[in-house]
Amino acid sequence: DPQQLELATSGKRKLRRFIVIDKVVDELYGSNVRGYFEENNVQHKILALPTTEETKSMDLVLNILQEVQNFSIDRRTEPIIAIGGGVCLDIVGLAASLYRRRTPYIRVPTTLLSYVDASVGAKNGVNFLQCKNKLGGYTPPVASFLDRSFIQSIPRRHISNGLGEILKMALMKHKGLFDLLKRHGKYLLDTKFQSYSGSADHGDAALQTTRIAIETMLEELAPNLWEDDLDRLVDFGHLISPELEMRVLPSLMHGEAVNIDMAFMTYVAYTRGLITAEEKEQIIQCMRGLELPVWHGGCSWPLIKKALMERLKHSAGQPRMPLPTGLGMAEIFNDTSEETLERAYKLWVRD
């Protein structure tokens, strides 16, 4: 912004920024972040917090807001910056949306999952009464800054976790993305989504997969940012996983829980005759290749029934169940019988 630049360089007013950074990210990159603000002569306050599903609460939002109040930001010209994984971005987004009714904020995702998922769209929130994201709102960031170099320092399991959300978009909308994941999945895990010259066999698989995942996500979200239409393909993998994830915390990460849900729904699609046995196998094998869990003991038949009942409550009395109808194709279904679900469940458990 030329106006801000002029203010900053004229010495009339010092630039100020309030930054919330995940504690682990701060240990790895905190000195770089501080160096950046010092180099650019920006007065700053960096608040490092443990942001996990267990700490994702209104209490943490209020802690942030107390610090924001102490720092005294100008809500028109001084955006809050969130640097971390999806939980950090969600918490800070909610805090910013509440402070003086709406303070601008910037998302800087540092995990693969948040890079392709939480950085896109308008939602933010916290867990409440053992329910995932029960409190929240729709306040988009003023910007998301995407830098894959953060991803090189996260553990392999976290890469796999992010691949769960990329696979979701592949199965729902993009056969080409599914083929990329099948062909390059292990390479992406091994190289942690970094781009290397001289890897001719793989092209720039990291750039291609993340770009397609984000573009397909935006195609789905942009026309329906406030979820006025409850028929959403991006809900694939999110019918049973919220219940499962909260029930077994901290043993499953978000993308892993989503993948277990997607694996079960793949069996539902197969049982309904929407996909062939070969397509079902291709999907499950791709999941295994991405080192994602395809089953979990905690995902019992009673849990599935309870999760689907919750789904009915929050989606105007319809299950609105996204199911694959081929590889990279999907539709929303409201007519899956309990008998079909139970047959799919038994087959899934047997396999």
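Quick caveat: nothing in here was measured; it's all calculated off a predicted structure.

Calculation criteria
Residues numbered from 1 in each chain as written. Predicted model: local features only at pLDDT ≥ 70, side-chain atom pairs only at ≥ 80, totals over all residues. Heavy atoms only, no water. UniProt positions renumbered as here; feature names shortened; annotations may be inferred. Helix = DSSP H or I, 4+ residues; strand = E, 2+ residues; numbered from the N terminus. Axes fitted to C-alpha atoms, helices over the stretch in contact; angles between N-to-C directions. Parallel < 35°, antiparallel > 145°, perpendicular 65-115°, else oblique. Left-handed = near helix turned anticlockwise from the far one by under 90°. Contact = heavy atoms within 4.5 Å. Nonpolar A, V, L, I, M, F, W, Y, C, P; charged D, E, K, R; others polar. Pairing = 2+ DSSP bridges.

Enquirer: Can you lay out the UniProt feature "domain: 3-dehydroquinate synthase N-terminal" (unreviewed entry) in the chain for me, pointing to particular residues and giving the numbers?
Expert: UniProt marks residues 48–160 with the feature "domain: 3-dehydroquinate synthase N-terminal" (unreviewed entry), using the numbering shown here. For the annotated span residues 48–160, helix accounts for 35% and strand for 25% of the residues, and the straight-line distance between the end C-alpha atoms is 26 Å.

Enquirer: Outline the packing of helix α6 (residues 156–173) against helix α10 (residues 254–271), supporting the account with residue identities and numerical values.
Expert: Running from N to C, α6 and α10 point in directions that differ by 40°, and their axes come no closer than 7 Å. Between α6 and α10, the angle falls in the class oblique. For the element pair α6 and α10, the recorded crossing hand is left-handed. Note on element contacts: α10 touches α6 through His254, Gly255, Glu256, Val258, Asn259 and Met262, opposite Arg157, Asn161, Gly164, Glu165, Leu167, Lys168 and Leu171. Residue classes in the contact of α6 with α10 are distributed as four nonpolar, five polar and four charged.

Enquirer: Residue-level account of the sheet that holds strand β2 (residues 43–49), with values.
Expert: Here five strands make up an open sheet; going across it, the order is β2-β1-β3-β4-β7 and the pairing parallel. In the strand order of this sheet, the two ends are held by β2 and β7 (143–144), each with one partner. Contacting β1 (16–22), β2 and β3 (80–84), helix α3 (residues 58–71) crosses the sheet at an angle of about 165° to β2. Here helix α4 (residues 86–98) sits on the sheet in contact with β1, β3 and β4 (105–109), set at roughly 165° to β3.

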